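Fold and geometry: a report
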Amino acid sequence: MRLLLLLFIVLPVLEMWVLITVGKEIGALPTIGLVLLTAVVGLALLRRQGLSTLMRAQEKVRSGEIPAQEMAEGIFLAVGGALLLTPGFITDALGFACLVPGLRQLLLGRFLRHVTIVRPGGFQGSHAPKRDSHVIEGEFSRSKRDSGEDQRPKH
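Given the structure is predicted, the values throughout are model-derived calculations rather than measurements.

Attention now goes to the overall build of the protein. Scanning the protein for helices and strands turns up five helices and zero strands. Looking at the protein residue by residue over its 155 residues, the buried ones come to 21%. Long-range pairs, those at least 24 residues apart, make up 56% of the contacts in the protein between residues at least 6 apart in sequence. On the protein, roughly 12500 Å² of surface is accessible, and the fraction owed to carbon and sulfur atoms is 66%.

Listed below in structure tokens is the structure:
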């Protein structure tokens, strides 16, 4: 939590410092142009990588597999896209790292080491919770009132 708070305080200050430094070197308009250019190039890359990941996920679902890798890649792509839309060169570098396939795979590998994927059907092994511990059985039917039919009183 403290790391996240620190990130939200330090990152914008660093971004402003880098933007001001670059602006002094090349001028304000070229700096703004570079920021816009990285956003446009990043969004094009996001679109291409996003569609590729979506197609692979759909193929896995069709074959009955769980698209866990593709779901994790989708998260990285979404974060990368958000970072690229945030003005600044540091966030652009982090965003591109999430979008470039080789770098994304490297980051994803490190990320997935800390994640446990649970398949449908629950946990396996000695730490598994009891199967029926939170099951509530019953019947369900929809009444006229629930179905959205006219509920005004009849005269």
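The next point concerns the side chain of Arg104. Along the chain, Arg104 falls in helix 5 (residues 101-112). One polar contact links Arg104 to Gln49, side chain to side chain, over a distance of 3.1 Å. Only 3.3 Å separates the side chain of Arg104 from the side chain of Glu73, close enough to count as a polar contact. Look past the residues within four positions of Arg104 in its chain and what remains in contact with it is Gln49, Thr53, Glu73, Phe76, Leu77, Ala97, Cys98 and Leu99.

Let's shift gears to the pattern of salt bridges. Under the definition given, this model contains five salt bridges. The partner of Arg62 in a salt bridge is Glu59, with the nearest N and O atoms 3.1 Å apart. Of this pair, Arg62 and Glu59 are both found in helix 2 (residues 28-62), three residues apart, which corresponds to roughly one turn of the helix. Linking Glu73 and Arg104 is a salt bridge whose minimum nitrogen-to-oxygen distance equals 3.3 Å. Here Arg104 lies in helix 5 and Glu73 lies in helix 3 (residues 68-85), a separation of 31 residues in the sequence. Its relative accessible area of 2% is what places Arg104 among the buried residues.

Moving on: helix 3. Helical geometry note: an α-helix holds 3.6 residues per turn, so side chains three or four residues apart project in the same direction. The end-to-end C-alpha distance of helix 3, which contains 18 residues, comes to 26 Å, matching closely the 26 Å that a straight helix rising 1.5 Å per residue would cover. Taken together, the buried positions of helix 3 are occupied by Glu70, Ala72, Glu73, Phe76, Leu77, Gly80, Gly81, Leu83 and Leu84. Of the surrounding secondary structure, the elements contacted by the buried residues of helix 3 are helix 2, helix 4 (89-99) and helix 5.

Cut-offs and rules
Residues numbered from 1 in each chain as written. Predicted model: local features only at pLDDT ≥ 70, side-chain atom pairs only at ≥ 80, totals over all residues. Heavy atoms only, no water. Helix = DSSP H or I, 4+ residues; strand = E, 2+ residues; numbered from the N terminus. Buried < 20%, exposed > 50% of the residue type's maximum accessible area, 1.4 Å probe, protein only. Contact = heavy atoms within 4.5 Å. Areas by Shrake-Rupley, 256 points an atom, 1.4 Å probe, with all protein chains shown as cover. Polar contact = N/O pair within 3.5 Å; in protein donor to acceptor, adjacent residues only side chain to side chain. Salt bridge = Lys/Arg side-chain N within 4 Å of Asp/Glu carboxyl O. Expected span 1.5 Å × (residues − 1).

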